[in-house]
Amino acid sequence: MELSGKTALVTGASRGIGAAIVRRLAEAGAHVAVNYAGSRDAAEALVAKIESAGGKAFAVQADVGTLGGIRSMLDACDAVFGGAPNLDILVNNAGVGGEGDTGSLTKCSEELFDRMIAVNQKAPHFITQYCLPRLRDGGRIVNIGSLGGRSALPPFAAYAATKRALQSLTMSTAVVVGPRGITCNLVAPGAVDTEFNKTLAEKPGWAEATSKLTPMKRLGVPQDIAGAVMMLCRDEAQWVTGQIVEASGGLFL
Ligand code: NAP
């Protein structure tokens, strides 16, 4: 129980990668706030499962794409965790892409573009800003980026640009929090089998072709990313900060 006595907030955690991160941190003993936007049943089922296994978690509804949503999420966390400083681990995981290539250079609408900026870029900035006084010294911030943040991906141009921005935020944050012994790193997943990739997974041959591009010869599963996050939350990772950790099975992109 290496995270016993620690608190954590994971955004966008009702399903997919966020839910796997919650399970991993709770399994290690952390008390975890499970943020979700619309999937209330899934978030509550996840909390119930953790509690039935002896862990500690609670669900918090909030659209992190708005400052009002971020404030209400943190108020709800304060109500459970107590007065600041009250947080050891912040995982900025919530993210939106487009269906298929709707976020491409040629097709992206202004509405989708603004939504991706709000959830993928604005949210981590302001959640981190508001969490600075809440984080305990020696804490951890992990941003969930994407391999797309370093690659030329025209079908996902708008999405990938937000993840590039998150890399920059990660490095700036590491400088700000470093003197307090807090680390800030970015985990960049490759292709992970979640609803996020539903439209791609429905394309015949996509999963096989993508798997072939990895030395591991398979798509990722959410637990692969949760493992990388857990690695960064350990005491042994105290000297690792400002880094981009690719958890992609070595995907060549
Ligand atoms: P997913 O299965 O689509 O889950 C997305 C999660 O984000 C859901 O829990 C959703 O909550 C939440 N969310 C979306 N908008 C939100 C908002 N405005 N406020 C709060 N929560 C919100 O996606 P995933 O595959 O797990 O992706 C998680 C992260 O990994 C994202 O940042 C994504 O960009 C990144 N990533 C994924 C892949 C991949 O291959 N899957 C690859 C690279 C990077 P509700 O269900 O309640 O709406």
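Everything that follows concerns the structure shown earlier in this document.
Keep in mind that this is a model prediction, so the values were computed, not measured.

## Focus on the nonpolar core
At step 1: Ile-21, Leu-25, Val-91 and Val-187 are the most contacted members of the largest nonpolar core, which totals 36 residues.
At step 2: Elements represented by at least two residues in this core include exactly strand 1 (7-10), helix 1 (16-27), strand 2 (31-36), helix 2 (40-52), strand 4 (87-92), strand 5 (135-144), helix 8 (222-233) and strand 7 (244-247).
At step 3: Those residues in contact with Ile-21 that lie beyond four places of it in its chain are Val-10, Val-91, Asn-93, Ile-144, Ala-226 and Val-229.
At step 4: One finds Leu-9, Ala-62, Cys-77 and Ile-182 within the second-largest nonpolar core, a separate group that totals 25 residues.

## Observations concerning the pattern of salt bridges
At step 1: Scanning the entire structure with this criterion turns up twelve salt bridges.
At step 2: Note that Asp-78 and Arg-134 form a salt bridge whose closest N and O atoms lie 2.8 Å from each other. With Asp-78 in helix 3 (residues 67-81) and Arg-134 in the loop between helix 4 (110-131) and strand 5, this pair connects stretches of sequence that are 56 residues apart.
At step 3: When its relative accessible area of 23% is taken as the criterion, Asp-78 is described as partly exposed.
At step 4: Using a relative accessible area of 16% as the deciding quantity, one classes Arg-134 as buried.
At step 5: Here Asp-224 and Arg-218 are joined by a salt bridge, their closest N and O atoms 2.8 Å apart.
At step 6: Relative accessible area serves as the criterion here: at 39%, Arg-218 is assigned to the partly exposed category.

## Some thoughts on the pairing of strand 6 (residues 183-189)
At step 1: Taking burial as the measure, the seven residues of strand 6 include seven buried ones, the bulk of the element.
At step 2: Here strand 6 shows a buried face lined by Thr-183, Asn-185, Val-187 and Pro-189 and a second buried face lined by Cys-184, Leu-186 and Ala-188.
At step 3: Direction of pairing for strand 6 relative to strand 7: parallel, over a ladder of four bridges. Across the sheet, residue Leu-186 finds its bridge partner in strand 7, namely Ile-244.

## A closer look at the site of the ligand
At step 1: The environment of the ligand is formed by 34 residues, the closest being Arg-15, Ser-39, Asn-93, Tyr-159 and Thr-194.
At step 2: Within the backbone of Ala-62, an N or O atom sits 3.4 Å from a nitrogen atom of the ligand.
At step 3: Residue Thr-194 places a side-chain N or O atom 2.5 Å away from an oxygen atom belonging to the ligand.
At step 4: Expressed as a share of its isolated accessible area of 900 Å², the protein-covered part of the ligand is 94%.
At step 5: Of all the secondary-structure elements, those providing two or more residues to the shell around the ligand are helix 1, strand 2, helix 4 and helix 5 (157-177).
At step 6: Across the shell around the ligand, the residue classes tally to 15 nonpolar, 14 polar and five charged.

## Here's the deal with the packing of aromatic side chains
At step 1: Within the structure shown, the criterion is met by three aromatic pairs.
At step 2: Ring plane angle 55 degrees and centroid distance 6.3 Å describe the contact between Phe-126 and Tyr-130, whose orientation is recorded as tilted. Here Phe-126 pairs with Tyr-130, and both are found in helix 4, just four residues apart, close to one helical turn.
At step 3: Judged by relative accessible area, Phe-126 falls into the partly exposed class, the value being 22%.
At step 4: Judged by centre distance (5.5 Å) and plane angle (55 degrees), the rings of Tyr-159 and Phe-196 are tilted. Remark: Phe-196 occurs in the loop between strand 6 and helix 6 (198-201) and Tyr-159 occurs in helix 5; sequence separation between them is 37 residues.
At step 5: Accessibility expressed as a relative area gives 13% for Tyr-159, which makes it buried.

## Topic: helix 5
At step 1: Look at helix 5: 30 Å from first C-alpha to last across 21 residues, which is about the 30 Å you get at 1.5 Å a residue.
At step 2: Looking only at helix 5, the buried set comprises Ala-158, Tyr-159, Ala-160, Thr-162, Lys-163, Leu-166, Gln-167, Leu-169, Thr-170, Thr-173, Ala-174 and Val-177.
At step 3: Among the structural elements, helix 4, strand 5, strand 6 and strand 7 are those in contact with the buried residues of helix 5.

Quick notes on the rules
- Residues numbered from 1 in each chain as written.
- Predicted model: local features only at pLDDT ≥ 70, side-chain atom pairs only at ≥ 80, totals over all residues.
- Heavy atoms only, no water.
- Core = buried A, V, L, I, M, F, W, Y, C linked by side-chain atoms within 4.5 Å.
- Buried < 20%, exposed > 50% of the residue type's maximum accessible area, 1.4 Å probe, protein only.
- Helix = DSSP H or I, 4+ residues; strand = E, 2+ residues; numbered from the N terminus.
- Contact = heavy atoms within 4.5 Å.
- Salt bridge = Lys/Arg side-chain N within 4 Å of Asp/Glu carboxyl O.
- Pairing = 2+ DSSP bridges.
- Near = heavy atom within 4 Å.
- Polar contact = N/O pair within 3.5 Å; in protein donor to acceptor, adjacent residues only side chain to side chain.
- Areas by Shrake-Rupley, 256 points an atom, 1.4 Å probe, with all protein chains shown as cover.
- Nonpolar A, V, L, I, M, F, W, Y, C, P; charged D, E, K, R; others polar.
- Phe/Tyr/Trp six-rings, centres within 6.5 Å; stacked < 30°, edge-to-face > 60°.
- Expected span 1.5 Å × (residues − 1).

Without other data, these values stay purely geometric and don't point to any function.
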